[in-house]
Amino acid sequence: MDTDSIKVGSYLNGCGWDKGAVAVRFELYGISLCFICAHLTSYSEKINERNVDFKKVNDKILFKDQEISKKIADHDYIFFFGDLNYRINSEDCKVEINCLWDPLNCKTTDLPLKKLHEYDQLTLELRSNQDTIVDSKSVFMMGYREDDKIQKIIPTYMYEIELEQGYSNTGEKNLKWNTTSNPAWCDRVLYKIKKPDEDSSEDKHKLKILRYESVNGYLISDHKPILSTFKIVKENVVLEKKRRKK
């Protein structure tokens, strides 16, 4: 198991950098996995700064504690998660935001999550990166994906902090929003699968996303934590276990 870290974001005079990322890698049954927990630049208008952070983390993280140094892109499976701080382009969906804040006065019984998701900055960046020419230097998110269940998750930011209560089984329509900042899906889990060479004889690994959800009852932060569970199956490992049972 190897680790590395990097500083990103803005430099606070006398205090150092205010954002960053830590990464860990290991191998299991011949599969290489890399996990990156990142905190990227905040504020709705700073999309370019977040993109620079994202690219810097992916380019500069380097695992040196082995014969051949490895970068993030060298792994079979990559999981990039944390407070990525991408926001909703709120000027395009003020009605939906107000409906989210005050669902009792909303014209529909369902929260407008799908409509809001259309203006989610990270979703738009992921989409534009997949559509860009492969060899372009701007394709910093190429290959990264997110489970479609994000469209069913209540935005994870910004809420009132309730330190005394700590945790509650509150319903989706009883969440205590902090309306000094527009809601956003700041907290995300992205994944990337390394494509095997066409001529490779190696077994293709299979990945399944078992769950992707937020913990709305968590009250001691203005964010709601995100949970994601993945299952990776490598066929020859499963077959080997079956042989041993015989």
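Coordinates for the structure precede this section.
Residues numbered from 1 in each chain as written. Predicted model: local features only at pLDDT ≥ 70, side-chain atom pairs only at ≥ 80, totals over all residues. Heavy atoms only, no water.

### Some words on the overall build of the protein
Turning to step 1, where the next piece is worked out: When its secondary structure is counted, the protein shows five helices and nine strands.
Turning to step 2, where the next piece is worked out: Within the protein, buried positions represent 41% of all 246 residues.
Turning to step 3, where the next piece is worked out: Residue pairs at least 24 apart in sequence account for 65% of intrachain contacts in the protein once pairs closer than 6 positions are excluded.
Turning to step 4, where the next piece is worked out: Of the accessible surface of the protein, which amounts to about 14900 Å², a share of 49% is contributed by carbon and sulfur atoms. (Helix = DSSP H or I, 4+ residues; strand = E, 2+ residues; numbered from the N terminus. Buried < 20%, exposed > 50% of the residue type's maximum accessible area, 1.4 Å probe, protein only. Contact = heavy atoms within 4.5 Å. Areas by Shrake-Rupley, 256 points an atom, 1.4 Å probe, with all protein chains shown as cover.)

### Observations concerning unusual backbone geometry
Turning to step 1, where the next piece is worked out: With omega at 10 degrees, the peptide bond leading from tyrosine 157 into methionine 158 counts as cis.
Turning to step 2, where the next piece is worked out: Mapped onto the elements, methionine 158 comes out in the loop between α4 (121–131) and β7 (187–193).
Turning to step 3, where the next piece is worked out: Residue tyrosine 43 is not a glycine yet carries a positive backbone phi of 80 degrees.
Turning to step 4, where the next piece is worked out: Position of tyrosine 43 among the secondary structure elements: in the loop between β3 (31–39) and α1 (47–60).
Turning to step 5, where the next piece is worked out: In the Ramachandran plot, asparagine 85 falls in the positive-phi region, its phi being about 70 degrees despite a non-glycine side chain.
Turning to step 6, where the next piece is worked out: For asparagine 85, the location among the structural elements is in the loop between β6 (77–83) and α2 (94–101).

### Some details on the side chain of histidine 117
Turning to step 1, where the next piece is worked out: As for its placement among the helices and strands, histidine 117 is situated in helix α3 (residues 113–117).
Turning to step 2, where the next piece is worked out: Those residues in contact with histidine 117, other than ones at most four positions away along the chain, are Thr123, Ile150, Gln151 and Trp185.

### Section: the nonpolar core
Turning to step 1, where the next piece is worked out: Core analysis: the biggest nonpolar cluster contains 23 residues, and Ile36, Phe54, Val57 and Phe80 have the highest contact counts within it.
Turning to step 2, where the next piece is worked out: Secondary-structure elements contributing two or more residues to this core are β1 (2–12), β2 (16–28), β3, α1, β6 and α4.
Turning to step 3, where the next piece is worked out: Beyond its immediate sequence surroundings of up to four residues, phenylalanine 80 is in contact with Ile36, Ala38, Phe54, Val57, Asn58, Tyr144, Arg188, Val189 and Leu190.
Turning to step 4, where the next piece is worked out: Formed by 17 residues, the second largest nonpolar core is a distinct cluster that contains Ile88, Leu111, Leu113 and Leu175. (Core = buried A, V, L, I, M, F, W, Y, C linked by side-chain atoms within 4.5 Å.)

### As for the pairing of β6
Turning to step 1, where the next piece is worked out: For β6, a buried count of six out of seven residues is recorded, marking the element as mostly surrounded by other parts of the structure.
Turning to step 2, where the next piece is worked out: As paired elements, β6 and β7 share seven bridges and run antiparallel to each other. From the neighbouring strand, aspartate 83 faces β7, where its bridge partner is aspartate 187. (Pairing = 2+ DSSP bridges.)

### Overview of the pattern of salt bridges
Turning to step 1, where the next piece is worked out: A full pass over the atoms with the stated rule returns ten salt bridges.
Turning to step 2, where the next piece is worked out: Of the charged contacts, one joins arginine 25 and aspartate 2 as a salt bridge, the two residues approaching to 3.4 Å between their closest N and O atoms. With arginine 25 in strand β2 and aspartate 2 in strand β1, this pair connects stretches of sequence that are 23 residues apart. Comparing arginine 25 with aspartate 2, the two get one shared label, buried.
Turning to step 3, where the next piece is worked out: Taking the shortest distance from any N to any O, the salt bridge between glutamate 146 and arginine 188 comes out at 2.8 Å. With glutamate 146 in the loop between α4 and β7 and arginine 188 in strand β7, this pair connects stretches of sequence that are 42 residues apart. Summarising the burial analysis for this pair, glutamate 146 and arginine 188 share the class buried.
Turning to step 4, where the next piece is worked out: Connected via shared salt-bridge partners are Asp2, Arg25 and Glu27. (Salt bridge = Lys/Arg side-chain N within 4 Å of Asp/Glu carboxyl O.)

### Quick word on α2
Turning to step 1, where the next piece is worked out: Taken together, the buried positions of α2 are occupied by Glu96, Ile97, Cys99 and Leu100. Within α2, the buried residues cover an arc of 160 degrees as seen down the axis, which keeps them to one side.
Turning to step 2, where the next piece is worked out: In this structure, the buried side of α2 is in contact with α3. (Arc of directions from axis to C-beta.)

### Brief notes about the packing of aromatic side chains
Turning to step 1, where the next piece is worked out: Considering all chains together, one arrives at eight aromatic pairs under this definition.
Turning to step 2, where the next piece is worked out: Judged by centre distance (5.8 Å) and plane angle (15 degrees), the rings of phenylalanine 26 and phenylalanine 35 are stacked.
Turning to step 3, where the next piece is worked out: Given the relative accessible area of 25%, phenylalanine 26 is considered partly exposed.
Turning to step 4, where the next piece is worked out: Each residue in the set Phe26, Phe35, Phe79, Tyr191 and Phe230 is aromatic and connected to the rest through ring pairs, giving one cluster.
Turning to step 5, where the next piece is worked out: Against the face of tyrosine 159 rests lysine 224, its NZ or CZ located 4.5 Å from the ring centre. (Phe/Tyr/Trp six-rings, centres within 6.5 Å; stacked < 30°, edge-to-face > 60°. Lys NZ or Arg CZ within 6 Å of the ring centre and 35° of its normal.)

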